[in-house]
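Inside the fold
Each chain, written out:
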Amino acid sequence: MYIYDSVQKTKLKFEPIKAGKATLYVCGPTVYDDAHLGHARSALSFDLLTRTLNASGYEVTFIRNVTDVDDKIIAKMKQTGKSLHEITDFYTKRYLEEMDTLGVLRPTISPKATESIDAMEDMISTLISKGYAYQISNGDVYFDISKDKLYGSLSKKVNDDTISRIEHISEKKNSKDFALWKACDINENVCFDTKFGRGRPGWHIECSAMIAKHTQGTDEYSIDIHGGGADLLFPHHENEAAQSRCATGHALAKYWMHNGFVQVDGEKMSKSLGNSFFLKDALKAYDGEILRFYLTSIHYRNDFNFNETDLLQSKKRLDKLYRLKKRLLNTISSTVNSEFKQTLLNAMKDDLNISVALSVIDEMIAKSNEALDSNPNDKNLKKEIAGNIEFINMLLGFGAKEPFVYFQLGVNEALITQIETLIERRSEAKKQKDFALADQIRNQLNIMDINIMDTANGTVWEKIS
Ligand SMILES: [Zn+2]
């Protein structure tokens, strides 16, 4: 397997720190608001990575944290009058439900920052005792970047303007030093007691401490792969790497992977532009599987330009897979064709090359349709095609629905009621042997672009697309 390392800026052969195992950490959501399309894309990118590692035989430990204490959450508490847990429980649940709808596999471990304060206390204490961190008179603890000779090696961005904008605190040793611990003032209630006083953690230390708490690592590295959105490389990942390196004496991750940005209709998503596309709104308009297919169809490192025209175009490609699946009605799948499996997996093992993977699938669909045209009743052929589709679902997370369910997507509820009433009347007519009426109802449904099929389990319907 080859992955693009965003620090070395080159594709590298994946050689795990422990044979046969892969430990992946991805920065999770700060749970104070709904997830937007950028969150969805990041989760989907690393879901493809997890599935590819799984299918390649690695025993994967996938850790994704939940940041449930943060200035933004505290601001939301003040704004809404709700408690910390009321806000964080609500948005954590919503995030997980939306990720389930997108077919994102749940992490192996999903630590919460508020439940990992002990690990943060340990790491900050170590950093203070080793001389990498210092406390100022108001109780805040800062990381001293001048003590870490490798600071900046991750993002090569240490002189970037963005850090000089950090508010000036006279007691800080270097203007770029960042807070590991923020002391509480008397009026605040989101505070934790530690050896170095009452307060709450800075965002960066949360991830480093949770990785230390939940992984064992080796003498060289804590984990194999650290992932996240490209916007996290600096300062978040630079600071995570610095803290972990100085506290543990070895590198945080062997490989770093970053996914590209999402734009909406060619503009960067932002709340001020009013195009911050919430995932919940996208899921109201489109099925999770269709969104998944669309959002993963562009290579994870490229920027993604979300627009409806492309989404509908991408759906047509998924339709083809379901049209093939429709030809396999009542077929029980057998094993996947080994050549197809290897070609598809190899494409994904090449830094998740989804374009090649999708063209391998297109080719399989075309060949299968041709073979079915010549041998429509070949049971073994049908079983193998069903096996191929099952493997696609395992590796890429689409193709699992019953075809008639897939082709019902996007039909509104009023119309569904009308269709089902007509189907019931037709069944009744058939029972009464009134075949003229049954045919008349079938025609009526056809005029509505609804196709019906009588199966062993009753009549099913689909929208003709
Ligand atoms: Zn992080």
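Residues numbered from 1 in each chain as written. Predicted model: local features only at pLDDT ≥ 70, side-chain atom pairs only at ≥ 80, totals over all residues.

**Observations concerning the packing of helix α12 (residues 354-374) against helix α13 (residues 379-396)**
For the record, the criterion: Axis geometry follows a simple rule: fit a line to the C-alpha atoms, using only the stretch in contact for helices, then measure angles between N-to-C directions, giving values from 0 to 180 degrees. Counting from the N terminus, the helices are the DSSP runs of H or I reaching at least four residues and the strands are the DSSP runs of E reaching at least two. Here is the rule for angles: anything less than 35 degrees is roughly parallel, anything more than 145 is roughly antiparallel, 65 through 115 is roughly perpendicular, and the remaining ranges are oblique. Crossings are classed by handedness, with left-handed meaning an anticlockwise turn of the near helix from the far one by less than a right angle and right-handed meaning a clockwise turn. Our contact criterion uses C-beta atoms placed from the backbone: two residues qualify when those atoms are within 7 Å. Amino acids are sorted into nonpolar (Ala, Val, Leu, Ile, Met, Phe, Trp, Tyr, Cys and Pro), charged (Asp, Glu, Lys and Arg) and polar (every other residue, Gly among them).
Their axes nearest at 11 Å, the elements α12 and α13 cross at an angle of 165 degrees. Judged on the interaxial angle alone, α13 and α12 are roughly antiparallel. In the packing of α12 onto α13, the handedness of the crossing is left-handed. Here Ala357, Ile361, Met364, Ser368, Ala371 and Leu372 of α12 lie close against α13, whose contacting residues are Leu381, Ile385, Asn388, Ile392 and Leu396. Here the contact of α12 with α13 is built from residues that sort into nine nonpolar, two polar and no charged.

**What about helix α1 (residues 37-55)?**
One turn of an α-helix holds 3.6 residues; hence residues three or four places apart share an orientation. The condition that has to hold: Each helix should span, by expectation, one fewer than its residue count multiplied by 1.5 Å. Labels follow a simple rule on C-beta atoms placed from the backbone: if 20 or more others lie within 10 Å of a residue's own, it is buried; if 12 or fewer, it is exposed; otherwise it is partly exposed.
Relative to the 27 Å expected for 19 residues at 1.5 Å per residue, α1 spans 27 Å between its end C-alpha atoms, a close match to the ideal helical length. Taken across its 19 residues, α1 has 17 buried, putting it largely inside the fold. Residue Gly57 follows α1 closely and has a positive phi angle near 95 degrees.

**Brief notes about the pairing of strand β1 (residues 2-5)**
Worth spelling out the cut-off: Strands were regarded as paired on the criterion that DSSP finds at least two bridges between them.
Where β1 meets strand β2 (residues 10-13), four bridges bridge the pair, whose relative direction is antiparallel. Along β2, the bridge assignment pairs Tyr2 with Lys13. Two successive antiparallel strands, β1 and β2, enclose a turn made up of four residues, where Lys9 displays a positive phi of approximately 50 degrees.

**Considering the domain arrangement of the chain**
Here is the rule: Residue ranges assigned to the domains are those given by an automatic or database domain assignment.
Assigned domains of the chain: these are domain 1 (2-259), domain 2 (264-406) and domain 3 (413-463). In this complex, domain 1 contributes 26 residues to the contact, which on the side of domain 2 involves 28 residues. Listing elements by their share of the side of domain 1 that touches domain 2, those giving two or more residues are β1, α1 and α3 (84-101). Among the elements that take part in the side of domain 1 that touches domain 2, α1 stands out by supplying 13 residues, more than any other. Residue composition of the side of domain 1 that touches domain 2, by class: eleven nonpolar, nine polar and six charged.

**Some details on the pairing of strand β4 (residues 59-64)**
Rules: Classification remark: right-handed applies to a crossover when, strands pointing away from the viewer, the course from the first strand over the helix to the second runs clockwise.
One ladder, built from six bridges, connects strand β3 (residues 21-26) with β4; its direction is parallel. Bridging across to β4, Thr23 finds its partner in Thr61. For the crossover from β3 across α1 to β4, the handedness is right-handed.

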